[in-house]
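Summary of structural features
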Amino acid sequence: MNKKTTASDNVRLFVFIAFLLFAFCVLKVLRGSDTSSNATGGIWNYISLLYYPLTIFALIRTTHTLKAVFVTSLLYIITALITAIFNFNGALDINTVYNFLMIPYFWLVFVSFYCYADHNKLGYNIIVFAFFVCLLLNLMTIIKYQFGGAERPLASDIYYSLGLFPFVLVMTKNKRIKTVAVLGMFFAVFFSNKRTGIIAFIIAYVVFKLVSEKVSNANNFLNALKTVLIIAVILLAFYYVGRYFDNKFALGIFERLERLQDDGGSGRDKIYAAIWQEYKDSGFAEKIFGHGMYATNALTGFNAHNDFLEVLYDYGVFAFIFIICFYLSLIRHCVNMVKQASPYAAAFSASIVIGLFLSMFSFMLVYFTYVTPIVAFWGYSLSMEKHRLIKFETTE
């Protein structure tokens, strides 16, 4: 009786967090991103706070053993919080309190989806629907942007769809839906003119196809060769279709891609150099314990467009080491999934590519925006893989 009740509760909780993910991503795309330190006020802010009671409840009732990947990320959170508090010397207003509360945000989402993940069609449909709603809103925004009806920052909301994309790859078996998702994602990310997004999507999808082939045909060379050729054809098609639309509408997308080396990633090289120089000129204590929350923004007027550099400058060496260990733990789990021929391996690999690209050339873990769907997928995948292995061992 208790097991049935627990299972039923878990299904309801999974559907609930699936709806939270839907609401958060759709509202952020609908109303526009705001990643400044003055970001309180949107409905999404209240949604983000719900992960606190959800995580506490999950940790109290869960029978899961948290993996090393959760420990390394938790150590980062603890280190960042201590550093942020230690370096804080401003006014303690509602915005500041909220910003402190958002430091552990990605861990809360990660743990919630790990503990509540379940095989449930309604939950799956909500998340897949969230992807297509965000994608449609992205396309509408991008069309407005290209014709002068929307400001440039809205184009970056494409990363919500990109973060939800791996969910679609594992939650639907319908090939037509997957094809629509892939083509829609390509056109949206291409017309967004976000170079990080374009490159991340293409590499992630190539990795997805290669790992899918590895998992399904581990020793079949001809099938592997066929997959490589199909990917080459897809990439050529993307290139020529992209070139056609780029020239027809004078979008300048390929021009921006070709300028990548010359403009240093829209000035990212100058931002990186300024932060790194300031870090090198800092005292010993600041190098070890960082400069405090949002110190990078105070220094340059922008985020670092690199999670690792921002963590190093804001929170110090220990936090930097823990965030590196977090990604290494994810990669280790990914390798194990591939070895176990997991049905989640290909999409999980693609999600890590997306996460790393955003962490290296935009931002992800350090803010409570695009990180939401990506860490939700990581938590979901690790949980479902654990259930799969337990079931497999039980039936052996």
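Reading the values: the criteria
Residues numbered from 1 in each chain as written. Predicted model: local features only at pLDDT ≥ 70, side-chain atom pairs only at ≥ 80, totals over all residues. Heavy atoms only, no water. Helix = DSSP H or I, 4+ residues; strand = E, 2+ residues; numbered from the N terminus. Buried < 20%, exposed > 50% of the residue type's maximum accessible area, 1.4 Å probe, protein only. Contact = heavy atoms within 4.5 Å. Areas by Shrake-Rupley, 256 points an atom, 1.4 Å probe, with all protein chains shown as cover. Axes fitted to C-alpha atoms, helices over the stretch in contact; angles between N-to-C directions. Parallel < 35°, antiparallel > 145°, perpendicular 65-115°, else oblique. Expected span 1.5 Å × (residues − 1). Phe/Tyr/Trp six-rings, centres within 6.5 Å; stacked < 30°, edge-to-face > 60°. Salt bridge = Lys/Arg side-chain N within 4 Å of Asp/Glu carboxyl O. pLDDT = per-residue confidence, 0-100.

1. Focus: the overall build of the protein chain
A tally of helices and strands in the protein chain yields 18 helices and zero strands. Split into buried and exposed, the 396 residues of the protein chain put 53% on the buried side. Pairs at least 24 residues apart make up 77% of the contacts formed inside the protein chain by residues separated by at least 6 positions. Put simply, the protein chain shows about 18,500 Å² of open surface, and 66% of that area lies on carbon and sulfur atoms.

2. Thoughts on unusual backbone geometry
One non-glycine residue, Y294, adopts positive backbone phi at about 60°. Tracing the backbone through its elements, the reader meets Y294 in the loop between helix 14 (284-289) and helix 15 (295-300). A positive phi angle, close to 55°, is found at H305, a residue other than glycine. Tracing the backbone shows H305 in the loop between helix 15 and helix 16 (307-339). The class for H305 is buried, based on a relative accessible area of 18%.

3. Regarding the packing of helix 8 (residues 158-171) against helix 10 (residues 195-216)
At their nearest, the axes of helix 8 and helix 10 sit 11 Å apart, and the two run at 10° to each other. Looking at the two axes, helix 8 sits roughly parallel to helix 10. In contact with Y159, L162, F165 and L169 of helix 8, helix 10 contributes T196, G197, A200, F201, Y205 and F208.

4. What about helix 17 (residues 345-361)?
Taking 1.5 Å per residue, 17 residues should reach 24 Å; helix 17 reaches 24 Å between its end C-alpha atoms and fits that length. The buried fraction of helix 17 is high, at 14 of 17 residues.

5. Side note on the packing of aromatic side chains
In total, this model carries 42 aromatic pairs according to the counting rule given. Taking the centre distance of 5.8 Å and the plane angle of 50° together, the rings of F167 and Y380 count as tilted. Of this pair, F167 sits in helix 8 while Y380 sits in helix 18 (residues 371-395); the two residues are 213 residues apart in sequence, bridging distant segments of the chain. Like F167, the residue Y380 is buried in the burial classification.

6. Remarks on the pattern of salt bridges
Within this structure, the stated rule accounts for one salt bridge. Salt-bridge contacts for R388 lead to E385; the nearest nitrogen and oxygen are separated by 2.9 Å. Of this pair, R388 and E385 are both found in helix 18, three residues apart, which corresponds to roughly one turn of the helix. Take R388: its relative accessible area is 24%, and that puts it in the partly exposed class.

7. Digging into the confidence of the model for the protein chain
Predicted confidence across the protein chain gives a mean pLDDT of 84, with 81% of residues reaching 70 or more. Within the model, pLDDT remains below 50 along residues 1-5, and this stretch shows zero contacts once partners closer than five positions in the same chain are excluded. Scored below 50 in pLDDT, residues 33-40 shows 19 contacts in the model against residues more than four places distant or in partner chains.

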